[in-house]
Amino acid sequence: MKIINLALAATAFLALTTACTSSHDTADNTVVEQTGQKDTPPIDEKARALYVKCSNLNDSDACFYLGAAYYKGEGVRLDRSMSATYIEKACSLGHSAGCYNLGYFYDEGQGVRQDYQLANHYYQKACDKNYSLACTNLGFLYDKGKGVNQDYRQANKYYLKACELNNDKGCFNLGNSYYKGEGVKKDFKQANKYFQKACDMNHSSGCFNLGNSYINGTGVKKDFKQSNKYYQKACELNNSTGCYNLGGSYNKGEGVTKDYHQANQYFKKACDLGEGNGCNELGFSYDKGHGARQDFQQAMNYYQKACDLKNGMGCNNVGVLYNYGQGVKQNKNTAKWYYGKACDFGDQDGCDAYRELNERGY
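Only a predicted model underlies this, so the values are computations on that prediction, with no experimental measurement involved.

A. Quick peek at the overall build of the chain. Check the secondary structure of the chain and you find 19 helices and two strands. Burial analysis of the chain (362 residues in total) assigns 49% to the buried set. In the chain, of all internal contacts separated by at least 6 residues, the share reaching a separation of at least 24 is 52%. Working note: accessible area of the chain is about 17,200 Å², and carbon and sulfur atoms make up 44% of it.

Okay, structure coming up:
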């Protein structure tokens, strides 16, 4: 079973999953395209009321929600620049979510010119008001040296504050800092402590990393049952590699009773979530009849999906089926093409098979 190395993946590490967020209202950050609409449409009654309260009464909530309306194009035409204008006013009136979202706008260059220094400034204002997401993002800017000098200690300071404010991403990021020894002394036990906190708040990568710690004995006693427990939770939270590793546990009988059928269920979920290794393993199960009726066409389907996901083993296995005519018409040239693709993705078996067919004149 392949164990995925710890990594600071952007989707898990950068807490920018929502653009307009407050304790009362949530707006996603999906870009809504305008469809040839050039003139500003009339503001609807609800948006007009927000406009009056924001402009005449300096109501910070009204300014924030009007900014959100412009961001989503609800009751007004979608206009990220106008959204930033009202979000900025909300921030100037002390609205913490407004400051956070204005920081996000400058971070991503939405409605304003991208400016990491201003992103830092507004995240700082929101973090000072205990807005946890802002603290996490502020830590990220220090972590990567965006708009500030790279400073792991400062990054960890803000991750810790975010974590203490029960922000799962802050806890996860702090765990990674202890795991890698960035800005702190490397300490696997401390890393696991923060991964545990993140996992308890349903951060899938926190659960996954705990699973890795238990299977490798990193900062804890090696324990396959415990590793599977955390892979299981990660998988339930749609962590594709958690599903894949759990499938591997059932495939080998590590910490659980060996069960190919159960393994295939987890490989299938991993594959559906875009994990190429899961697709390849499921193809192998159909190829060899492990937990499923042997079916070369089904094997080909999953090997091909793995290959499409840039999985070298999947491409190599597609090549094998073409090379020997299993489930498809035998075609050495097509086999060679897939072996070459496997080699391009770093699969040594593919490189060797490509060279062999090439030497034979295909």
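B. Spotlight on the pattern of salt bridges. All told, the structure shown has nine salt bridges when counted by the stated rule. Note that K169 and D168 form a salt bridge whose closest N and O atoms lie 3.9 Å from each other. Neither K169 nor D168 differs from the other in exposure class; each is buried. Its salt-bridge partner being K180, residue E182 comes within 3.9 Å of it at the nearest N-O pair. For E182, a relative accessible area of 15% puts it in the buried group.

C. Just the layout of surface pockets, in detail. Taken as a whole, the second largest pocket spans an internal volume of roughly 190 Å³. Taken together, ten residues make up the lining of the second largest pocket; nearest its centre are K46, L50, Y65, A69 and E74. It is helix α3 (residues 60-72) that provides the largest number of residues to the lining of the second largest pocket, a total of four residues.

D. Molecular detail of the environment of A49. Summarising the element assignment, A49 is placed in helix α2 (residues 45-57). A relative accessible area of 40% means that A49 is categorised as partly exposed. A C-alpha to C-alpha distance of 9.3 Å links A49 and L66, two positions 17 residues apart in sequence.

E. Main features of the state of the cysteines. This structure, assessed with the given rule, holds nine disulfides. Note on cysteine connectivity: C91 is disulfide-linked to C99, with sulfurs 2.1 Å apart. Taking the sign of the S-S torsion, 90 degrees for the link of C91 and C99, the bridge is right-handed. The class of C91 is buried, set by a relative accessible area of 2%. Residue C99 is classed as buried on the basis of its relative accessible area, which comes to 0%.

F. Fine view of the packing of helix α5 (residues 96-108) against helix α6 (residues 116-128). Their axes nearest at 7 Å, the elements α5 and α6 cross at an angle of 165 degrees. Accordingly, the angle class assigned to the pair α5 and α6 is roughly antiparallel. With respect to the hand of their crossing, α5 and α6 are arranged in left-handed fashion. Residues S96, C99, Y100, L102, G103, Y104, Y106 and D107 of α5 pack against Y116, L118, A119, Y122, Y123, K125 and A126 of α6. Split into classes, the residues belonging to the contact of α5 with α6 amount to eleven nonpolar, two polar and two charged.

G. Structural detail: the nonpolar core. Counting residues in hydrophobic clusters, the biggest one holds 90 residues, and the most contacted among them are Y100, L102, F105, Y123, Y131 and A134. With eight residues, the top contributor of residues to this core is α3.

H. Here's a closer look at unusual backbone geometry. A positive phi is found at N130, a non-glycine position, where the angle reads about 65 degrees. The partly exposed category is assigned to N130, whose relative accessible area is 46%. In this structure, N202 is a non-glycine residue whose phi angle is positive, near 65 degrees. Within the secondary structure, N202 is located in the loop between α10 (188-200) and α11 (204-216).

The rules behind each value
- Going along each chain's sequence as written, the residues are numbered from 1 onward.
- Per-residue local features of the predicted model are confined to residues with pLDDT of at least 70, and side-chain atom pairs are confined, for both listing and counting, to 80 or more; whole-chain, interface and lining totals are unaffected and use all residues.
- To get the side-chain values, take all heavy atoms of the structure and skip hydrogens and water.
- A run of H or I in DSSP counts as a helix once it spans at least four residues, and a run of E counts as a strand once it spans at least two, with each numbered from the N terminus.
- Per-residue accessibility, obtained with a 1.4 Å probe over protein chains only, is compared with the maximum for each type, and a residue is labelled buried under 20%, exposed over 50%, and partly exposed between these values.
- Here, residues are in contact when the closest pair of their heavy atoms is within 4.5 Å.
- Per-residue and other accessible areas were derived by the Shrake-Rupley procedure at a 1.4 Å probe size, with only the shown protein chains allowed to occlude residues.
- Salt bridge criterion: a side-chain nitrogen from Lys or Arg within 4 Å of a carboxyl oxygen from Asp or Glu.
- Buriedness of a pocket was judged along seven lines, with at least five required to meet protein on both sides within 12 Å; pockets are open sets of points on a 1 Å grid over the protein atoms alone, cavities are sets where a 1.4 Å probe fits but cannot get out, and lining residues have an atom within 4 Å of a point.
- Grid points are joined across faces, edges and corners, and a volume is the space filled by probe spheres set on the points.
- The disulfide definition used here is simple: a pair of cysteine sulfur atoms within 2.5 Å.
- An axis is simply a line fitted to the C-alpha atoms; with a helix, the fit covers only the stretch in contact. Between two such axes, the angle follows the N-to-C directions and lies from 0 to 180 degrees.
- Orientation is classified from the angle alone, with under 35 degrees giving roughly parallel, over 145 giving roughly antiparallel, 65 to 115 giving roughly perpendicular, and any other angle giving oblique.
- For a crossing to be left-handed, the near helix must be turned anticlockwise from the far one by less than a right angle; the clockwise case is right-handed.
- Amino acid classes used here: Ala, Val, Leu, Ile, Met, Phe, Trp, Tyr, Cys and Pro are nonpolar; Asp, Glu, Lys and Arg are charged; the rest, including Gly, are polar.
- Throughout, nonpolar core names a set of buried Ala, Val, Leu, Ile, Met, Phe, Trp, Tyr and Cys residues whose side chains join them through atoms within 4.5 Å.

Shape descriptors only; they carry no functional weight alone.
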